[in-house]
Amino acid sequence: MSKWVLKGLETGVKTTVYPEKTETASGVTQGRPERLELLKDKRSVVNICPTGAFKINKNIYEIDLTRCIHCLRCLRSPEFPPAGWTGDYEWAFSVSEKTMKGPFSHCLHIRVVDGGACRACLCEISQTGAPYYNIHRLGFFITPTPRAADVLMVAGPVTDHMRFPLKEAYEAMPEPRAVVAVGTCALSGGIFGRSFASSGGVSEILPVDIAIPGCPPPPLAIIHGLLILTGRRPSLSVIDKPESRRKDK
Amino acid sequence: MVVETEIYKKLHDLSERIRHLLTNSVTVSIEPENLLCSIECNVDALPVVCKQLVSRIGLSFATMIVEESNEEWLIQYVFYSSRIHILVNVMVRQEIDNPSFPSMSSIVHALDWQEREAEDLFGIVFEGHPVLGDFVLHEEWPEGVNPMRRTFRPEMPYPHKETRPEWQPRRILQEPGAFMMPIGPIFSGISESAHFLLETVGEDVVRSIPRFFYKYRGVEKIAEGKHPMEVVLLAERFAGTSAFAHSLAFCHAVESIAGVEVPERAVQIRILFAEFERFRHHISCIEAICNSTGLAVAASQAAILEEEALRLSCEFAGHRYLFGLNIPGGLSKDLSKEDCTGLLKRTDNILKRLDRLYKMLQYSSSFLDRLEEVGIICTEDAIDYGLVGPVARASGVCNDIRKALPYKGYENVEFSVPCETEGDGYARLRVFFQEAFQSVMIMSQTIERLSDEPIYIPIKDYPEGSAIGWVEAPAGAAFHYVRIDSRGRVIRYRLTTPSFTNWHGFHLAAEGFAFQDFPIILATFGLSIAESDR
């Protein structure tokens, strides 16, 4: 088995520099549409969004990230000029006042529940545990049982059949506990919306504390969400200043 | 023109043969432009027709499509011939107030789950089917509510029972010392939601009873009434890990309804990304297999390669899982020449390291011990259950839709279909590795002959009609049936996914092996539950 040890050593450290520094490698995030001042021809971009994530507020079009499904149509539409786009990944935000500071902040156990996700979110969550992101170094651990979990991480719109298992998992968790909703489906139902088969978001079933938008949110955004929960990074509403980041691609 | 007459001849010969075999009970017509031979028969003749098609002509089952109109029920049983590369469509009709058809699952075993699904969602009775009910809809749902019926309103949550009934299988193993071990719906570290009930008298699993559709999102229903541009978003988002393949199948279907020929460049770049997705998907499966056996270094190595592939996707296609790329009429993003060579070069780099990993795994005896002769599916079972994709190819069924029903672009590429005969976990691992290698080969062939054309042709309006689109998704054959009405809206969207087909045969692999092998067998199948549940 020594060859595997050598192989591991030979590979070296792959882990991202986030959160100490900003990760600059290409391809770690697909970015997100950005708040922009409304120009005359931007209105058509608002109409092209299939999930209605754009909202016009006076002279600015605002983006409801909990609705954006990363279809990239506002960026690529052949007929209209593209929307503003930013290539960052720190876009998670807190929904409630709850934080898990103090003894929990560097030893947080997470139970991941699939509430009908398409599996892309789940793959991104498992990537956070893989060498490139390695959430263990930050004191986050995936646990198989809700009884040992501090955080319930839910992906997917919460299908009709998953409501009871999800509630049971939540009830089995000891206090203090927090709920993190991962992905646009978990926040607004995403493309599946609210229907006979899906509840249209985790907040219909459980109180959500941290929202991580994205379809799927890249691993760095998921880490950002966990860091907000432990009070180690600010939430999106605090750091997002559209004036300082404007970039029209 | 030569090709067309050749297809016409094949179809003509086949239809003559079918007429000869089935004498007067059927009406046979051919549509050479759709590679389709249609057989219209009445309900009583159906068993004979299916039997002859499967056992005498040697067709493989593709999909079953139920449609409801104002006057009648229409069921289409679609078969295909991997020998002469055509589709055969058997149509049966029944009056709307008599939703009863004979069950074909004893003749075509792959129809077993298809019929159970249709019974739950449409309320059609399949006479002679051994187990109907409690499949897609769990007990909370009252009897007689069928969400796929036209009268059912999908917009709001259905007001059903709020208490969680205890589920029990119909039969329980009756033997001294027998016990049941439930797994799921929430289990292990990061897993998809599904329930497996393992019955045992000691160490070996005697029966494994799966219960799916915890993740049922009603994709087929909520697609109804939507414009194809919206449905394509659903097609790629119901199974995120094979998003490109499924959106491609959907695009094939609607493009064929609209009668649009996609430009050559779009076809080629679609192949490029479809193969890249297969490459990434298989690395992900390899990672899961290494993980299930507890070989942490190998799992980490595979995870590194997977992440690099994801980053490549994002860099060149703008999305880590290739969402938003396929649209009816072509692609939303073009690749420059430098992009193509860059993508290929860096994929090659991942491939080289994957090859090294393969060699190291082949000489890790503790790893192979967990895979060899575990979770065996024999060739006969794989044929009976109509298994598809890498799972079937590891069991000696060398069937690949890219060869069996070559779709746009694959006629000109040369590649081999890796096939193993043992049918155990190790055979499946080898198929994953070899297919990943083949995919990169297809990518390099495609880039060599990339043409200079636009990558998108706008589709102005969609005429009324229906069509089937098919692809070899990473997990196997996927068939998307789309019907568009006079307003240009989708009124029926039927998805037959490889995971749905293969989960049907999963119990064969799980039974007769020890408990502790269960997670390994699960991983070697490389299936997605999201893709199966829809």
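Thresholds, definitions, all that
Residues numbered from 1 in each chain as written. Chains lettered and ligands numbered in written order. Predicted model: local features only at pLDDT ≥ 70, side-chain atom pairs only at ≥ 80, totals over all residues. Heavy atoms only, no water. Helix = DSSP H or I, 4+ residues; strand = E, 2+ residues; numbered from the N terminus. Rg over C-alpha atoms; globule rule 2.2 N^0.38 Å. Contact = heavy atoms within 4.5 Å. Areas by Shrake-Rupley, 256 points an atom, 1.4 Å probe, with all protein chains shown as cover. Lys, Arg positive; Asp, Glu negative; His and termini not counted. Charge placed at Lys NZ, Arg CZ, Asp CG, Glu CD. Buried < 20%, exposed > 50% of the residue type's maximum accessible area, 1.4 Å probe, protein only. Polar contact = N/O pair within 3.5 Å; in protein donor to acceptor, adjacent residues only side chain to side chain. Core = buried A, V, L, I, M, F, W, Y, C linked by side-chain atoms within 4.5 Å. Buried area = accessible area lost by both parts, 1.4 Å probe. Salt bridge = Lys/Arg side-chain N within 4 Å of Asp/Glu carboxyl O. Pairing = 2+ DSSP bridges. Axes fitted to C-alpha atoms, helices over the stretch in contact; angles between N-to-C directions. Domains from an automatic or database assignment. Phe/Tyr/Trp six-rings, centres within 6.5 Å; stacked < 30°, edge-to-face > 60°. Lys NZ or Arg CZ within 6 Å of the ring centre and 35° of its normal. Parallel < 35°, antiparallel > 145°, perpendicular 65-115°, else oblique. Left-handed = near helix turned anticlockwise from the far one by under 90°.

Student: Give me the lowdown on the overall build of chain B, citing residues and values where you can.
Tutor: The helix and strand tally for chain B stands at 18 helices and 15 strands. Taken over the C-alpha trace, chain B has a radius of gyration of 23 Å; the compact-globule value for 534 residues is 24 Å, and the two agree within 12%. Principal-axis analysis of the C-alpha atoms places the extent of chain B at approximately 70 × 60 × 50 Å. Residue pairs at least 24 apart in sequence account for 67% of intrachain contacts in chain B once pairs closer than 6 positions are excluded. A total of about 19,400 Å² of accessible surface is found on chain B, and carbon and sulfur atoms cover 51% of it. Chain B carries 52 positive and 75 negative side-chain charges, and their two centres are separated by 3 Å.

Student: Could you give an account of the side chain of Q76 of chain B, naming the residues involved and the relevant values?
Tutor: Residue and element names in this part refer to chain B. Here Q76 shows up in strand β4 (residues 72-81). Judged by its relative accessible area of 5%, Q76 is buried. At 3.1 Å, the side chain of Q76 forms a polar contact with the side chain of E67. One polar contact links Q76 to Y481, side chain to side chain, over a distance of 3.3 Å. Sequence-distant contacts of Q76, that is, excluding residues within four places in its chain, are made with T63, M64, I65, E67, N89, V90, M91 and Y481.

Student: So what's going on with the nonpolar core? Residues and values would help.
Tutor: Residue and element names in this part refer to chain B. L53, Y77, F79 and F196 are the most contacted members of the largest nonpolar core, which totals 83 residues. The biggest single contributor to this core is helix α1 (residues 2-22), with six residues. Membership of the second largest hydrophobic core comes to 78 residues, among which are L351, L361, Y426 and A436.

Student: Quick rundown of the interface of chain A and chain B? Include the residues and the values.
Tutor: The interface is formed by 63 residues belonging to chain A together with 81 residues belonging to chain B. Of all residues in chain A, W4, H161 and F196 of chain A bury the most surface against chain B, accounting for 15% of the area lost on that side. Applying the counting rule to chain A against chain B returns three salt bridges. Its salt-bridge partner being K215 of chain B, residue D114 of chain A comes within 2.6 Å of it at the nearest N-O pair. Remark: the boundary between chain A and chain B carries 36 residue pairs in polar contact (both at pLDDT 80 or more). Those elements that provide at least two residues to the side of chain A that touches chain B are α1 (2-11), α3 (73-76), β7 (108-114), α4 (120-128) and α5 (163-171) of chain A.

Student: Hey, could you go over the sheet that holds strand β13 (residues 465-473) of chain B for me, with residue numbers and the actual values?
Tutor: Residue and element names in this part refer to chain B. The antiparallel open sheet is built from three strands, whose spatial order is β13-β14-β15. Every other strand in the sheet has two partners, leaving β13 and β15 (490-496) as the edge strands with one partner each. Mean inter-strand twist for the sheet, computed between neighbouring axes without regard to direction, equals 15°. Alignment of strand β14 (residues 476-484) against β15, held across six bridges, turns out to be antiparallel. Bridge assignment links Y481 to a residue of β15, and that residue is R494. Sheet strands in contact with helix α6 (residues 243-258) are β13, β14 and β15, and its direction is about 150° off that of β13.

Student: Tell me about the domain arrangement of chain A, and please be specific about residues and values.
Tutor: All names here are of chain A. You can read the domains of chain A as domain 1 (32-86) and domain 2 (93-229). Using only C-alpha atoms to locate each centre, domain 1 and domain 2 end up separated by 27 Å. Each partner contributes residues to the interface: domain 1 has six residues there, and domain 2 has nine residues. Between domain 1 and domain 2 the total buried area reaches about 650 Å² when both faces are included, carbon and sulfur atoms providing 72% of it. Looking at the side of domain 1 facing domain 2, the largest losses of area belong to T66, I69 and H70, adding up to 67% of the total buried there.

Student: Help me get a handle on the packing of aromatic side chains, residues and values and all.
Tutor: Counted by the stated rule, this structure contains 31 aromatic pairs over all chains. With 4.3 Å between their ring centres and 20° between their planes, Y358 of chain B and F433 of chain B make a pair best called stacked. Remark: F433 of chain B occurs in helix α14 (residues 425-448) and Y358 of chain B occurs in helix α9 (residues 337-362); sequence separation between them is 75 residues. Judged by relative accessible area, which is 9%, Y358 of chain B ranks as buried. Residue class for F433 of chain B comes out buried when judged on its relative accessible area of 0%. Sitting above the plane of the Y170 of chain A ring, R177 of chain A keeps its charged end 4.1 Å from the centroid.

Student: Explain the packing of helix α7 (residues 264-292) of chain B against helix α8 (residues 296-317) of chain B residue by residue, including any values.
Tutor: For any two helices packed against each other, the geometry comes down to the angle between their axes and how far apart the axes lie. Residues and elements named next belong to chain B. Across the interface, α7 lies against α8 with an axial gap of 8 Å and an inter-helix angle of 160°. Of the possible angle classes, the one that applies to α7 and α8 is roughly antiparallel. In this structure, α7 crosses over α8, and the sense of that crossing is left-handed. Within the contact between the two elements, α7 uses F273, F276, R280, I283, S284, E287, C290 and N291 and α8 uses A298, A299, A302, A303, L305, E306, A309, L310, L312, S313, F316 and A317.

Student: Describe the domain arrangement of chain B, naming the residues involved and giving the relevant values.
Tutor: Accessible area lost upon the coming together of the parts is a frequently used measure of interface size. As far as domains go, chain B holds domain 1 (2-127), domain 2 (179-211) and domain 3 (219-532). Between the C-alpha centres of domain 1 of chain B and domain 2 of chain B there is a distance of 36 Å.

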